[in-house]
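Reading the structure
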Amino acid sequence: MTEQSVVTTEKAKPVLPDAQIVKSVTHYTDHLFSFRLSRPQSLRFRSGEFVMIGLMGDPDEKTGKQRPLLRAYSIASPSWDEELEFYSIKVQDGPLTSKLQNIKVGDEVIVRPKPVGTLVLDALLPAKRMYFIATGTGIAPFASLMRDPDLYERYDEVIMCHTCREVAELKYGADLIASLATDPLIGEMVGDKLKYYPTTTREESPKMGRITTLMKDGTLAADLGLPPLNPETDRLMVCGSMGLNTDIKEICEAAGLTEGSNSAPAEFVVEKAFVG
Ligand SMILES: Cc1cc2nc3c(=O)[nH]c(=O)nc-3n(C[C@H](O)[C@H](O)[C@H](O)COP(=O)(O)OP(=O)(O)OC[C@H]3O[C@@H](n4cnc5c(N)ncnc54)[C@H](O)[C@@H]3O)c2cc1C
């Protein structure tokens, strides 16, 4: 089910402090949707970073006061985009997403202007090949980075591995990657540098399995004709559940790669896609 409501409103000014206007909303499944917001001119961020976003909560029963209900969200749009894009889960009974999933064009979403995060190109030392490894909504920071010209200036080869339970959950990433080939801004830079490796764990699809298994048993390398992980040539960015992050970290460290950070760039970086 892909249902789209595209920009039809005039540019309006938000009323809430730090709020931005919803420009479009796309629903992918009962559990996933994306949306685009106006971007404050003053908001500068590096592709791959996250911000706190949210809505006003319900009024307090005693005081009647409303407080913002905020959660961490990766910015899925690149740093040059004039709008902000987010890709979101819909958690049934989730304090924020049970409401956020109902936003419509023209509504307001609070965006706190303090971007942070470790999934930035500057946290890694230069090399030949970049692996992006994501599960579920963990593809959001890579949706940003895959649209950043800097990525293709720094790396000869980019491998986007995305694992979900079902095929429909891959659609946001698949559509985005398909659109890059003809993107007037970066299409030529992307060329044949970007390789997409989607896998499912539950529903039947051309490639099934957890990415950790496919890396460990050599399937990923065989499918894409890649050499074993090597600290000289390979860099990785990982965004998924705690379990995925821990497993990939082990694979990286076993291959001799060191974890990097903003202050000490190295060979791989990891960020949680959610707390749970
Ligand atoms: C650094 C960081 C970046 C994040 N970026 C994103 C993002 O780009 N998109 C996004 O949808 N969420 C993202 N999250 C998760 C987000 O902060 C919220 O948890 C999510 O929006 C649900 O909010 P909630 O209030 O409805 O439920 P919460 O009370 O926050 O979560 C309820 C439970 O739902 C599960 N859950 C929450 N988020 C997810 C998720 N994304 N995928 C699978 N299970 C989940 C967890 O088990 C969690 O305990 C990020 C979290 C962190 C720490």
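Residues numbered from 1 in each chain as written. Predicted model: local features only at pLDDT ≥ 70, side-chain atom pairs only at ≥ 80, totals over all residues. Heavy atoms only, no water.

Remember that side chains alternate between the two faces of the sheet whenever the strand is regular. Of all seven residues in strand β11 (residues 234-240), seven are buried; the element is thus mostly enclosed. Of the two faces of β11, the one lined by Asp-234, Leu-236, Val-238 and Gly-240 and the one lined by Arg-235, Met-237 and Cys-239 are each fully buried. Note that strand β8 (residues 129-135) and β11 share six bridges and pair parallel. Across the sheet, Ala-134 pairs through a bridge with Cys-239, a residue of β11. Relative to strand β12 (residues 268-272), β11 is paired through five bridges, and the arrangement is parallel. Bridge assignment links Val-238 to a residue of β12, and that residue is Val-270. A crossover links β11 with its parallel partner β12, the connecting element being helix α8 (residues 242-254), and its sense is right-handed. (Buried < 20%, exposed > 50% of the residue type's maximum accessible area, 1.4 Å probe, protein only. Helix = DSSP H or I, 4+ residues; strand = E, 2+ residues; numbered from the N terminus. Pairing = 2+ DSSP bridges. Right-handed = clockwise from strand over helix to strand, strands pointing away.)

With that out of the way, let us pick up the nonpolar core. With 34 residues, the main nonpolar core has Phe-132 and Met-237 as its most contacted residues. Going through the elements one at a time, β8, α2 (140-145), α3 (149-154), β9 (157-164), α4 (171-180) and β11 are the ones with two or more residues in this core. Viewed by domain, this core spans two of them, domain 1 (4-116) and domain 2 (121-270), each represented by three or more residues. Every residue in contact with Phe-132, bar those within four places of it in the chain, is listed here: Phe-142, Leu-145, Met-146, Leu-151, Val-158, Ile-159, Met-160, Cys-161 and Met-237. (Core = buried A, V, L, I, M, F, W, Y, C linked by side-chain atoms within 4.5 Å. Domains from an automatic or database assignment. Contact = heavy atoms within 4.5 Å.)

Accessible area lost during the coming together of the parts is what is often quoted as the interface size. When cut into domains, the protein chain gives domain 1 (4-116) and domain 2 (121-270). Between the C-alpha centres of domain 1 and domain 2 there is a distance of 26 Å. Every contact between the two is made by 20 residues of domain 1 and, on the other side, 19 residues of domain 2. In total, about 1600 Å² of surface goes out of reach between domain 1 and domain 2, with carbon and sulfur atoms giving 61% of it. Contact with domain 2 buries surface across domain 1, with Tyr-28, Trp-80 and Tyr-87 losing the most and accounting together for 37% of the total. Here domain 1 is connected to domain 2 by two salt bridges. (Buried area = accessible area lost by both parts, 1.4 Å probe. Salt bridge = Lys/Arg side-chain N within 4 Å of Asp/Glu carboxyl O.)

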